[in-house]
Amino acid sequence: MPKPPSLDAARASELTAELYATSIVPTLVEYIEIPNKSPGFDPEWERSGHMRRAMDLIVGWCRTRRIAGMRLEVVQLPGRTPLLFIEVPGAIDDTVLLYGHMDKQPEMTGWAEGLGPWQPVLRGDRLYGRGGADDGYSTFASLAALEVLQDQNIPHARCVVIIEGCEESGSGDLPTYIEHLRERIGTPSLVVCLDSGAADYERLWCTTSLRGMVIGNLHVDVLREGVHSGEASGIVPSSFRIARSVLDRLEDAKTGRILPEWLYAPIPAQRLAQARAMAEALGDGIANHYPWQGGTRPVTADPAELILNRTWRPQLAITGAAGLPALGSAGNVLRAGTALRVSLRLPPGVESTNAKARLVRLLTEDPPYGADVRFDSAEANDGWNAPALAPWLEAALRESSQAYFGAPAGYMGEGGTIPFMAMLGERFPDAQFLITGVLGPESNAHGPNEFLHVPTAQKLTCCVAATIRAHALR
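Residues numbered from 1 in each chain as written. Predicted model: local features only at pLDDT ≥ 70, side-chain atom pairs only at ≥ 80, totals over all residues. Heavy atoms only, no water.

Asker: Would you take a moment to explain unusual backbone geometry for this structure?
Answerer: Residue Asp135 is bonded to the preceding Asp134 through a cis peptide linkage, with omega at 10°. With respect to the element layout, Asp135 can be found in helix α4 (residues 132-151). The backbone of His446 shows a phi angle near 75°, a positive value even though the residue is not glycine. With respect to the helices and strands, His446 occurs in the loop between β17 (432-435) and β18 (451-453). Even without being a glycine, Asn449 presents a positive backbone phi close to 65°. Relative to the helices and strands, Asn449 is located in the loop between β17 and β18. (Helix = DSSP H or I, 4+ residues; strand = E, 2+ residues; numbered from the N terminus.)

Have a look at this one:
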């Protein structure tokens, strides 16, 4: 096949800016208004119809695009969330797989005045609201990248776009769909995932690793019902104290270090070098963008150690609680029990199913005072470490970042979990991966004041187009 023509960067930028201004951002405004929470946060999702509304909105937009030969279908297996499957034929006998999701995290409290999870607000370059950046923009960016190529008559491989509906609940439905669609997907040699983060908005950021996760509910029950604290304290052990005690088996409360050595994995030399390079480039910016309260400071002053803590070391967060009344309703009662939502991030290379089984034993065996201690509703997802970049992909990322951002590409591990990546890495071991996204400083995915930085999304779209072109040349 003749060498594809060069991609005109100015023309690509102009078309992408027009698409976002006239079509993509207005549709994302409508999308943000729909509370299509992931099934893990809305068990009645099918009855409420929000996910169907969001899917219909996205499909309606897709059908307006002028992409030659595009075929799309909403696939929904019994008892599963819907999945959008798009296929665009290519000029070469190869496949590029592009991935995103359209389900959302729950509302969360603490949104700034004038903002809200289902209230889209465009302030300057930022489109606020739940799900715009994580990960509603992904369908639009994927098809816009293909429009950029077809606008300039640049050949590309066959492209398959998959947009799932339960990523925020651990992608439990996705393996079934990948198997169901196995023949239609084919064997991609390039996987593009648009659900990751960025350390700043000044360059294309490429994710080199993702942590795994075990998440579940720790229950400690000491009584069948609450009793007067003056009558029982000193006789009945506090369920909260017992919860603290069993968590001390897992974490050093003073330093935050996770104690069991079986939750650690060796950090590859290349990832150590990349963490140090990122620390050198970003310095205090690694921590300064967080909304610190009062005199709170990071767990260490060493930027490289902060990066490694966030990407290659296990960490514990308590993300929810039950059994604790609101302050205004807290009477003098020794409560019957305490429940805590435990989120344990795992380094890449730590097998999550085994870690979950050992964690259950660690927290529940030999409970203090013989209390009823259990760890249930546990989910486990593996982390992922990217394969070495092929020379063609490394060159494409460097050149496209320079062309559209004006700076070289950056490489970083991510502390979050994208279950799809570990599964795809195992299923397609020879594929190359571009894992990237728009979740930069202050964008606050899963928290209050989430926003999409629109210029970054536009530039990222052009970089994806340039990478797909380079894939056809390799």
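Asker: Even after reading the chapter, I still don't get helix α3 (residues 50-62), so can you show me in this structure?
Answerer: Because each turn of an α-helix spans 3.6 residues, side chains separated by three or four positions in sequence point in the same direction. An ideal rise of 1.5 Å per residue puts 18 Å on 13 residues; α3 measures up with 19 Å between its terminal C-alpha atoms. Regarding α3, the residues found buried are Met51, Ala54, Met55, Leu57, Ile58, Val59, Trp61 and Cys62. Here the buried face of α3 lies against α1 (9-32), α2 (45-48), β1 (71-75), β2 (83-88), α4 and β6 (157-164). (Expected span 1.5 Å × (residues − 1). Buried < 20%, exposed > 50% of the residue type's maximum accessible area, 1.4 Å probe, protein only. Contact = heavy atoms within 4.5 Å.)

Asker: Can you help me understand the pairing of strand β7 (residues 190-193) in this one?
Answerer: Two faces, one strand: in a regular strand the side chains alternate between the faces of the sheet. Going residue by residue along β7, you find Leu190 and Val192 tucked away on one face and Val191 and Cys193 tucked away on the opposite face as well. Note that β7 and β17 share four bridges and pair parallel. Bridge pairing in β17 places Leu190 opposite Gln432. (Pairing = 2+ DSSP bridges.)

Asker: When you look at the packing of α4 against helix α15 (residues 454-473) in this model, what are you seeing that I'm missing?
Answerer: Relative placement of two packed helices is described by the angle separating their axes and the distance separating the axes. Running from N to C, α4 and α15 cross one another at 55°; their axes reach a closest spacing of 8 Å. Judged by the inter-axis angle, α4 sits oblique to α15. As for how α4 packs across α15, the hand of that crossing is right-handed. Taken together, the residues of α15 that come into contact with α4 (itself represented by Tyr137, Ala141, Ala144, Ala145, Leu146, Val148 and Leu149) are Ala457, Leu460, Thr461, Val464, Ala465, Ile468 and Arg469. Residues of the contact of α4 with α15, tallied by class, amount to twelve nonpolar, one polar and one charged. (Axes fitted to C-alpha atoms, helices over the stretch in contact; angles between N-to-C directions. Parallel < 35°, antiparallel > 145°, perpendicular 65-115°, else oblique. Left-handed = near helix turned anticlockwise from the far one by under 90°. Nonpolar A, V, L, I, M, F, W, Y, C, P; charged D, E, K, R; others polar.)

Asker: Can you walk me through helix α9 (residues 269-282) in this structure?
Answerer: Compared with the 20 Å implied by 1.5 Å per residue over 14 residues, the 20 Å span of α9 between its first and last C-alpha is a close match. Residues of α9 that are buried: Arg271, Gln274, Ala275, Met278, Ala279 and Leu282. For α9, the arc enclosing every buried residue in end-on projection is 140°, short of the 170-degree limit, so these residues lie on one face. Of the exposed residues in α9, those oriented more than 90 degrees away from the buried face are Ala269, Arg276 and Glu280. Its buried side turned inward, α9 meets β8 (205-210), α10 (285-288), α11 (303-312), β15 (384-385) and β16 (410-414). Phi turns positive one or two residues past the end of α9, at Gly283, with a value near 55°. (Arc of directions from axis to C-beta.)

Asker: Which parts of the structure should I look at to understand the nonpolar core?
Answerer: Soluble, globular proteins show a tendency: their nonpolar side chains are buried together. By size, the foremost hydrophobic cluster in this structure holds 74 residues, and its most contacted members are Leu84, Ile86, Tyr137, Leu143 and Leu452. Here this core takes eleven residues from α15, the largest share from any one element. Each residue touching Leu452, except ones within four places of it in the same chain, is listed here: Leu28, Asp125, Arg126, Leu127, Gly132, Ala133, Tyr137, Val438 and Ala457. (Core = buried A, V, L, I, M, F, W, Y, C linked by side-chain atoms within 4.5 Å.)

Asker: Please clarify how the packing of aromatic side chains should be interpreted in this entry.
Answerer: Per the counting criterion, the structure on display carries five aromatic pairs. Note on Tyr201 and Phe451: the rings are 6.4 Å apart at their centroids and 40° apart in plane angle, and the pair reads as tilted. Within this pair, whereas Tyr201 is found in the loop between β7 and β8, its partner Phe451 is found in strand β18, the two being separated by 250 residues in sequence. Measuring from ring centre to ring centre gives 5.3 Å for Trp384 and Phe433, while their planes differ by 65°; the resulting arrangement is edge-to-face. Taken together, the positions of Trp384 in strand β15 and Phe433 in strand β17 put the pair 49 residues apart, joining distant regions of the chain. You can call Trp384 buried: its relative accessible area is 6%. On the accessibility criterion, Phe433 (8% relative accessible area) is buried. The structure contains a cluster of three or more aromatic residues connected by ring pairs, namely Tyr128, Tyr201 and Phe451. Directly above the aromatic system of Tyr31 lies the positively charged group of Lys104, at a separation of 4.2 Å from the ring centroid. Between the NZ or CZ atom of Arg123 and the centre of the ring of Tyr128, over which it lies, the distance is 6.0 Å. (Phe/Tyr/Trp six-rings, centres within 6.5 Å; stacked < 30°, edge-to-face > 60°. Lys NZ or Arg CZ within 6 Å of the ring centre and 35° of its normal.)

Asker: Looking at this structure, I do not really get the sheet that holds strand β11 (residues 315-322). What am I missing?
Answerer: Neighbouring strands of a sheet are bound in pairs by backbone hydrogen bonds; such pairs are parallel or else antiparallel. Within the open sheet, the four strands sit side by side as β11-β13-β9-β14. Their pairing is antiparallel. Of all the strands in the sheet, the pair left with one neighbour each is β11 and β14 (372-381). The average angle at which neighbouring strand axes cross in this sheet is 20°, direction not considered. Pairing of β11 with strand β13 (residues 337-346) involves seven bridges; the strand directions are antiparallel. Counted as the bridge partner of Gln315 is Arg345 from β13. Of the strands in this sheet, β9 (212-221), β13 and β14 are in contact with helix α12 (residues 352-364), which crosses β14 at around 170°.

Asker: What is the right way to read the sheet that holds strand β3 (residues 92-101) from this model?
Answerer: Spatially, β1-β2-β6-β3-β7-β17 is the arrangement adopted by the six strands of the open sheet, whose pairing is mixed. Across the chains shown, the open sheet's two edge strands, defined by having one partner strand only, are β1 and β17. The average angle at which neighbouring strand axes cross in this sheet is 15°, direction not considered. Bridge count between β2 and β6: five bridges; the pairing is antiparallel. Its bridge partner being in β6, Phe85 is matched across the sheet by Ile162. Running over the sheet, α15 touches β3, β6, β7 and β17 and is turned about 155° from β3.

Asker: Before we go on, may I ask you to explain the side chain of Glu450 in this structure?
Answerer: Here Glu450 lies in the loop between β17 and β18. Residue classification places Glu450 among the buried positions, given a relative accessible area of 0%. Here Glu450 is in contact with Trp111, Leu127, Tyr128, Gly129, Arg130, Gly131, Gly132, Ala133, Asp134, Ser443, Asn444 and Ala445, once residues within four sequence places are set aside.

Functional significance is not addressed by these values, which are geometric in nature.
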